[in-house]
Amino acid sequence: METLPLSAFLTQPSIEHCLTEEELNFARSEQVFEGCPVVFLVDGQAVDIVTGQLQPKNTPPAARICYHHFSMDTAVLIAKQTKTKAEFVGTRN
């Protein structure tokens with residue numbers, strides 16, 4: 001099986017969909033040990049909330065950027081700040 005570099009799964013960054021430095025510091029302070037896995041999506045594309053980079057729409061779910069250390073409430077707040085939708089992995093939204 002061929003291993004592709006992470007850059008193969010990312011497109012151009014989107015300033016609109018990343019956290020500001022202040023928001024990022026807050027999000028990091030809210031991290032928990034056993035969070036709910038969450039993917040932040042915009043138009044079906046997973047978003048890297050630090051850089052704003054978007055993954056292509058056809059990225060397999062298992063290869064999407066997924067965050068594991070946020071509570072559901074914090075994830076919803078981050079989604080609002082990044083203008084994305086929080087999709088919780090392994091749960092019914």
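Everything here concerns the structure above.
Model, not experiment: these values are computed from the prediction.

1. Some words on the overall build of the chain
Part 1 of the argument: Within the chain one finds 2 helices and 3 strands.
Part 2 of the argument: In the chain, the succession of α and β elements from N to C terminus is α-β-β-α-β.
Part 3 of the argument: For the chain, the proportion of its 93 residues judged to be buried stands at 35%.
Part 4 of the argument: Pairs at least 24 apart in sequence give 70% of the contacts found in the chain among residues at least 6 apart.
Part 5 of the argument: Accessible area of the chain: about 6100 Å², with a carbon and sulfur share of 56%.

2. Points about the pairing of strand E3 (residues 85–88)
Part 1 of the argument: Where burial is concerned, the two faces of E3 differ: the one with Ala86 and Phe88 is buried and the one with Lys85 and Glu87 is not.
Part 2 of the argument: With 4 bridges connecting them, strand E1 (residues 38–42) and E3 associate as antiparallel partners. Looking across to E3, one finds that valine 38 is bridged to phenylalanine 88.

3. Quick word on helix H2 (residues 72–82)
Part 1 of the argument: For H2, the complete set of buried residues consists of Thr74, Ala75, Ile78, Ala79 and Thr82. Along H2, the residues classed as buried sweep out an arc of 140 degrees about the axis, all on the same side. Residues of H2 that are exposed and point over 90 degrees away from its buried face: Asp73 and Lys80.
Part 2 of the argument: Elements in contact with the buried residues of H2: helix H1 (21–29), E1 and E3.
Part 3 of the argument: Within two residues after H2, lysine 83 carries a phi angle of roughly 55 degrees, on the positive side.

What counts as what
- Residues numbered from 1 in each chain as written.
- Predicted model: local features only at pLDDT ≥ 70, side-chain atom pairs only at ≥ 80, totals over all residues.
- Heavy atoms only, no water.
- Helix = DSSP H or I, 4+ residues; strand = E, 2+ residues; numbered from the N terminus.
- Buried < 20%, exposed > 50% of the residue type's maximum accessible area, 1.4 Å probe, protein only.
- Contact = heavy atoms within 4.5 Å.
- Areas by Shrake-Rupley, 256 points an atom, 1.4 Å probe, with all protein chains shown as cover.
- Pairing = 2+ DSSP bridges.
- Arc of directions from axis to C-beta.

Worth remembering: the numbers are spatial, not functional.
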